Amino acid sequence: MERNNSNQLKNADCITINSRTNVGENCPADMEVFKEIDQFYFSSSETVDPGRYVLEKAPFPPDCTAIEEMFMKLKRQQQVVSNKALHLISQKRDACDKEFKEITTVQQQLAEAIQTCRRSRYELKTAKSNLTVSTFAILANFRKKQIVQGVLRSLNTIRNLRQAEDEVQNLMRSREYEAAVRLVLAGQKAASEHRHFKCVASLTQRLQDTLDLAEEQLDVVLASICYNFDDETFTKLQRAYSLLNKTQVAMDQLHMHFASAINNAALQAITVHQKDNGENSNEQLKFKELCANVKESSVVICLLDLCDRLWAIMLSYHHVVNWNTKQNESSLENFEYFQETSDFEINVNREYVREKLKNGLLKIWHDVQFKVKTFLTESDLSQYPFEKFVRVLGILKRLISVGEEFCGDTSDGLQNFIKNRTIAYLKNYHAGRMEVLRIFLENEGWELCPVKSSFNLMHLQEFDKLKRHIKACSNMSSATVKNRDTPISTKTHSSDAGSSAPSDSFYIGRYFTRNSKHTPFHIFRNDSAIDEDILENELDNYSDDQSTDISDDDEPDELKRDFVDETESDPTKLHTTNKSALKKTSTDTIIVTNTALSILRDIGQYLQMCRFLKQVSFEVVMLMIQMFDYYLYSVHYFFASDLKVSSSTLYSAKLNWIIRRVGNNITLSEDTEMVPSADEEQSMPTKYLRPQASQLVNLSNPETLHGLAERIAAVESLLFLSKQLDILQPYLENLIQPHQKIILQTFFEQTVYATVDIRVPIYMCVSSQVFNVRNILISMSQVNWEVKNVMSQHSSYVDQIVRDIQVFSMRLDQVGQKVPVTDEVHRALWSSISKFVVHTLVEGFSNVNKCSDSGRGLMQLDYTQLLSKMEKISGIKPSPFQEYVDVYVKGYYLPQSLLGEFISEHREYSVKHLTALVHCACDSKKGRQELLALIDGRDSYVAVKGVPVKIP
């Protein structure tokens with residue numbers, strides 16, 4: 001029973017061992033199992049017996065469990081090996097099928113070969129039995145016929161070879177280059193086939209010579225392509241070189257011809273304009289020496305000829321590049337004639353030609369730049385008139401634009417060279433213009449130039465071609481300010497909309513694509529090109545709605561009339577009644593002098609250079625700043641030198657800084673030694689001779705209010721000039737680099753916008769001489785200020801001041817007949833008068849040692865009466881600075897406890913004024929000492945004709 005149970009268990013185990021459903025996790029990985037297989041089983045020897053080997057490895061003494069484990073291990077190894085073998089067989093199945101297919105094909109071919117051999121043997125057997133002697137005779141004659149025909153063909157070929165030379169020349173003259181090359185190549189092939197004839201040896205050499213001659217003629221035609229490209233001729237040349245399999249060689253040769261063409265064209269352009277130094281004197285000169293020998297009067301024309309000739313060569317090369325591009329885009333069937341030429345060779349040739357042409361663009365452009373730079377280096381342009389120099393800049397700008405379209409190069413080297421030459425020219429030219437400006441100032445009569453009330457710099461001829469650019473930049477600046485608080489998306493849109501100013505990139509892509517009989521430099525051959533818009537053909541794509549030109553047609557009719565003096569009322573009545581007649585003078589009247597207009601014209605000329613060479617924009621801006629500074633300093637020096645009062649409080653901080661800054665760059669005489677610093681030696685000149693005032697201007701005549709008309713013309717002309725610079729500011733900021741804008745902004749904020757402050761000291765020179773201050777102060781000292789009763793009649797000194805004011809008003813009316821007194825000038829003059837009067841009153845009140853309460857009332861009465869009459873005469877209400885007297889007089893009424901606070905708050909009064917106030921208002925000695933201690937150390941006062949008068 002136990003034996004049966006054990007047998008069942010063994011059978012069950014055997015079933016488990018033989019089953020293919022082993023659980024994956026109980027079995028080791030296939031690779032691990034494969035590695036455990038004994039190498040003995042892989043032996044290919046016939047003597048190997050695996051069964052015996054296994055039995056020898058069986059456990060001893062026998063153990064069922066060990067034997068079962070061994071059996072299961074071997075069974076697993078067998079399954080792994082079987083799976084591996086099946087996997088390898090499946091991988092090699094396709095190759096096996098292919099081999100079987102090839103074997104089947106070979107069997108079929110062998111069967112066909114056996115069948116052919118059998119048929120051939122049968123045919124030979126039939127011929128052997130049927131052929132006769134006559135038949136062989138026929139065959140022999142037929143053979144002789146074929147031999148004779150071959151000889152005839154050879155003779156014809158030899159005859160054609162002898163005639164090939166003449167035919168090739170005829171084809172070359174007819175520009176059938178492809179047919180000529182074909183004929184020579186065919187002759188060489190035929191000669192090679194008939195080389196067994198002795199006469200063919202000499203013909204072969206002649207054919208080679210003919211081919212060499214044809215190649216030389218092809219090279220000559222190829223060289224002519226550099227000067228005048230012809231599509232048909234160039235196509236034939238390329239076909240011929242393709243037949244010769246010399247496409248790459250032809251391209252190398254073409255570039256050599258272009259380099260030679262540039263050199264020859266430059267020599268021809270320069271040679272025509274040589275100085276007459278004897279016959280054949282220029283034959284041995286090099287290009288550099290020829291450039292130095294060009295006649296001075298022909299430099300511009302010579303430069304134009306040079307650019308025209310170089311342009312023709314660049315245009316031909318451009319056509320060559322376009323031709324190659326078109327052929328690469330189309331099929332090459334018409335240009336590859338040899339079947340033996342592989343696709344690889346075709347692609348290699350095509351890539352070589354493409355790279356050669358691409359590199360040739362920059363090389364040719366660099367050669368052109370070198371020729372132009374050499375010419376300019378040897379030509380002395382420093383003494384050229386401005387118009388001719390700007391004309392040269394226009395030519396060079398056009399050349400740079402052509403080069404950028406030609407090869408995409410920005411020509412930084414040429415631009416830097418032009419920049420350096422232009423800066424050197426500007427240095428000399430600006431020094432001359434500053435000398436001319438000094439002469440203008442020394443001979444300036446400071447009279448009004450009659451211009452329209454709408455006049456601005458846009459009406460000057462020098463700014464005629466800059467209108468659209470200036471207006472476009474102004475529009476962009478206005479849009480930026482307007483949208484400063486708007487969202488970012490709105491700002492971006494506004495910026496795009498306002499960018500209507502044409503940039504240099506707009507011109508690119510037009511020179512080589514347009515069909516024109518003239519070169520891009522043709523317009524510069526007109527001597528008056530500077531008076532025309534020499535970029536107008538580059539701007540013709542701008543539509544009318546984009547145009548921002550400012551013309552007279554856009555102005556109202558009433559703004560087109562010439563300036564007239566509109567003061568028509570009786571001048572004798574103006575001082576007694578309301579001054580409304582002065583207000584009739586148009587506030588739009590332009591006050592400008594010849595010198596200011598000259599400066600504007602110079603600025604316009606300088607900006608012409610920026611149109612053609614933006615790299616010098618910063619230098620131009622600095623020169624403009626120097627001219628404005630020099631003019632401002634000269635106006636101040638001429639008309640503020642006779643100031644009779646201290647200037648410490650008449651000048652704003654900015655104006656005071658301007659005068660000091662510009663004065664440091666002004667030398668007093670030509671004998672003054674000026675040693676430039678290391679930084680100034682290579683920079684623009686910064687020191688200039690101080691001008692001397694014209695003797696025609698009389699500033700000492702009281703009848704003319706000490707030259708008030710001239711002062712008004714000078715000051716207001718300076719302010720007009722500052723307004724014109726303000727119009728130019730957006731355009732100037734657009735010209736210079738972003739990091740340079742801080743200098744320009746500082747100039748406008750610290751100088752241009754502060755120019756209006758110059759009215760105060762210059763007009764004060766007149767106001768300080770209108771009144772006899774000493775007599776007024778003496779009259780004030782004679783008034784009894786200790787009256788006991790309040791007076792109803794003002795003091796006599798008031799009438800004296802009023803009379804001086806009336807005289808000033810009448811004389812101002814007379815000045816108004818010579819120069820228009822605008823509202824701004826009218827207010828500035830009367831403000832200066834009022835300022836001087838109130839300080840004179842305070843000075844007189846401060847001289848009073850004793851004063852009663854009624855006396856203080858008399859002070860207020862006098863000032864009220866004076867203020868009322870002055871407002872009636874001047875027509876300005878309220879009168880400026882009137883609180884200066886009111887506050888001071890009210891200080892007498894303050895108690896001692898508040899007087900110290902008054903002294904601390906009102907620092908506009910001088911030490912003398914406050915000291916007098918303390919002595920009159922404070923009775924206590926101790927209190928006076930305390931208050932005087934607060935005042936001690938203050939020295940803010942000015943002297944009016946020796947009398948201290950406070951000027952805040």
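Not measured: the values here are computed from a predicted model. (Residues numbered from 1 in each chain as written. Predicted model: local features only at pLDDT ≥ 70, side-chain atom pairs only at ≥ 80, totals over all residues. Heavy atoms only, no water.)

### Observations regarding the overall build of the protein
Item 1. Along the backbone of the protein there are 32 helices and 4 strands.
Item 2. Here the protein holds 952 residues, and the buried ones make up 43% of them.
Item 3. Contacts in the protein between residues far apart in sequence, at least 24 positions, make up 80% of those at least 6 positions apart.
Item 4. Taken as a whole, the protein presents about 52,000 Å² of accessible surface, with 51% of it coming from carbon and sulfur. (Helix = DSSP H or I, 4+ residues; strand = E, 2+ residues; numbered from the N terminus. Buried < 20%, exposed > 50% of the residue type's maximum accessible area, 1.4 Å probe, protein only. Contact = heavy atoms within 4.5 Å. Areas by Shrake-Rupley, 256 points an atom, 1.4 Å probe, with all protein chains shown as cover.)

### Quick word on the packing of helix H24 (residues 759–770) against helix H27 (residues 823–846)
Item 1. In the contact formed by H24 and H27, the axes pass within 9 Å of each other and the chain directions differ by 55 degrees. Relative to H27, H24 is oriented oblique. The hand of the H24/H27 crossing is right-handed. Here H24 contributes Arg759, Tyr763, Met764, Ser767, Ser768 and Val770 to the contact with H27, which in turn contributes Glu824, Val825, Ala828, Leu829, Ser832, Ile833, Lys835 and Phe836. (Axes fitted to C-alpha atoms, helices over the stretch in contact; angles between N-to-C directions. Parallel < 35°, antiparallel > 145°, perpendicular 65-115°, else oblique. Left-handed = near helix turned anticlockwise from the far one by under 90°.)

### Brief notes about the environment of His257
Item 1. As for its position among the elements, His257 is in helix H10 (residues 247–271).
Item 2. Assessed through its relative accessible area of 15%, His257 is described here as buried.
Item 3. Counting along the chain gives 35 residues from His257 to Leu222, while the straight-line C-alpha distance between them is 8.0 Å.
Item 4. Discounting chain neighbours no more than four positions away, the residues touching His257 are Asp219, Leu222, Ala223 and Cys226.

### Here we look at the state of the cysteines
Item 1. Taken as a whole and assessed by the stated rule, the structure comprises 0 disulfides.
Item 2. Considering cysteine sulfurs only, Cys920 is the nearest to Cys851, which forms no disulfide, with 6.6 Å between them.
Item 3. Accessibility expressed as a relative area gives 14% for Cys851, which makes it buried. (Disulfide = S-S within 2.5 Å.)

### With respect to the pattern of salt bridges
Item 1. Inspection of every chain in the model, using the stated rule, returns 21 salt bridges.
Item 2. Residue Lys356 is joined to Asp252 by a salt bridge in which the shortest nitrogen-to-oxygen separation is 3.5 Å. With Lys356 in helix H13 (residues 343–378) and Asp252 in helix H10, this pair connects stretches of sequence that are 104 residues apart.
Item 3. Through salt bridges with shared partners, one network takes in Asp305, Asp308 and Arg525. (Salt bridge = Lys/Arg side-chain N within 4 Å of Asp/Glu carboxyl O.)

### Section: the nonpolar core
Item 1. Ranked by size, the top nonpolar core spans 218 residues in total, and within it Leu607 and Phe845 carry the most contacts.
Item 2. Beyond its immediate sequence surroundings of up to four residues, Leu607 is in contact with Phe463, Leu466, Val620, Met624, Leu728, Tyr731, Leu732 and Leu735. (Core = buried A, V, L, I, M, F, W, Y, C linked by side-chain atoms within 4.5 Å.)

### Let's talk about a nonpolar patch on the surface
Item 1. On the surface, Phe34, Tyr41, Phe42 and Val81 cluster together to form a nonpolar patch covering roughly 300 Å² of accessible area.
Item 2. Positionally, Tyr41 belongs in the loop between helix H2 (30–36) and helix H3 (50–57).
Item 3. Looking at Tyr41, the relative accessible area reads 30%, which means it is partly exposed. (Patch = residues over 30% accessible without salt bridge, like charges linked within 9 Å, V, L, I, M, F, W, Y side chains within 5 Å.)

### A short note on the packing of helix H20 (residues 617–639) against helix H22 (residues 708–735)
Item 1. Taken N-terminus to C-terminus, the directions of H20 and H22 make an angle of 165 degrees; their axes are 11 Å apart at the nearest point. Relative to H22, H20 is oriented roughly antiparallel. The handedness of the crossing between H20 and H22 is left-handed. For the pair H20 and H22, the contacting residues are Ser617, Val621, Met624, Phe628, Tyr631, Leu632, Val635 and Phe639 in the first and Glu710, Arg711, Ala714, Val715, Ser717, Leu718, Leu721, Ser722, Leu725, Leu728, Leu732 and Leu735 in the second.

### Considerations on the side chain of Thr235
Item 1. Turning to its location among the elements, Thr235 is positioned in helix H9 (residues 231–243).
Item 2. Judged by relative accessible area, Thr235 falls into the buried class, the value being 13%.
Item 3. Among the polar contacts made by the side chain of Thr235, one reaches the side chain of Trp323 at a distance of 3.0 Å. (Polar contact = N/O pair within 3.5 Å; in protein donor to acceptor, adjacent residues only side chain to side chain.)

### Quick word on the environment of Val819
Item 1. The residue Val819 is located in the loop between helix H26 (796–818) and H27 in this model.
Item 2. When its relative accessible area of 3% is taken as the criterion, Val819 is described as buried.
Item 3. With 111 residues separating them along the chain, Val819 and Leu708 place their C-alpha atoms 9.4 Å apart.

### Points about the packing of aromatic side chains
Item 1. Per the counting criterion, the structure on display carries 29 aromatic pairs.
Item 2. Both rings, one in Tyr630 and one in Tyr688, keep their centres 6.2 Å apart while their planes meet at 70 degrees; by these two values the pair is edge-to-face. Of this pair, Tyr630 sits in helix H20 while Tyr688 sits in strand E2 (residues 688–689); the two residues are 58 residues apart in sequence, bridging distant segments of the chain.
Item 3. Seen in terms of ring centroids, Phe771 and Phe836 are 6.0 Å apart; in terms of plane orientation they differ by 10 degrees. Their pairing is stacked. (Phe/Tyr/Trp six-rings, centres within 6.5 Å; stacked < 30°, edge-to-face > 60°.)

### Structural notes on helix H32 (residues 925–935)
Item 1. All of the buried residues in H32 are Gly927, Leu931 and Ile935. Burial along H32 is one-sided: seen end-on, the buried residues are contained in an arc of 80 degrees. Among the exposed residues of H32, those oriented more than 90 degrees off its buried face are Lys925, Lys926 and Ala933. (Arc of directions from axis to C-beta.)

### Description of helix H28 (residues 853–874)
Item 1. In this model H28 runs 31 Å from its N-terminal to its C-terminal C-alpha over 22 residues, within 8% of the 32 Å that 1.5 Å per residue would give.
Item 2. Directly beyond the C-terminal end of H28, a positive phi value near 75 degrees is found at Gly875. (Expected span 1.5 Å × (residues − 1).)

### Things to note about unusual backbone geometry
Item 1. Each neighbour pair has its own omega, and for Phe60 with Pro61 the value is -5 degrees, a cis peptide bond.
Item 2. By the secondary structure assignment, Pro61 is in the loop between H3 and helix H4 (64–91).
Item 3. Even without a glycine there, the phi angle at Ser411 is positive, about 55 degrees.
Item 4. Within the element layout of this structure, Ser411 appears in the loop between helix H14 (386–407) and helix H15 (412–442).
Item 5. Unusually for a residue other than glycine, Leu705 sits at a positive phi of about 55 degrees.
Item 6. Structurally, Leu705 can be placed in the loop between E2 and H22.

### Regarding the confidence of the model for the protein
Item 1. Of all residues in the protein, 75% attain a pLDDT of 70 or more, and the chain-wide mean is 77.
Item 2. Confidence drops under a pLDDT of 50 for residues 1–26, and excluding neighbours within four residues, the segment shows 13 contacts in the predicted structure.
Item 3. Contacts of residues 278–283 to residues separated by more than four positions or lying in other chains number 4 contacts, the stretch itself having pLDDT below 50. (pLDDT = per-residue confidence, 0-100.)

### Here's the deal with the side chain of Gln238
Item 1. Note that Gln238 resides in helix H9.
Item 2. Here Gln238 is in contact with Thr247 and Trp323, once residues within four sequence places are set aside.

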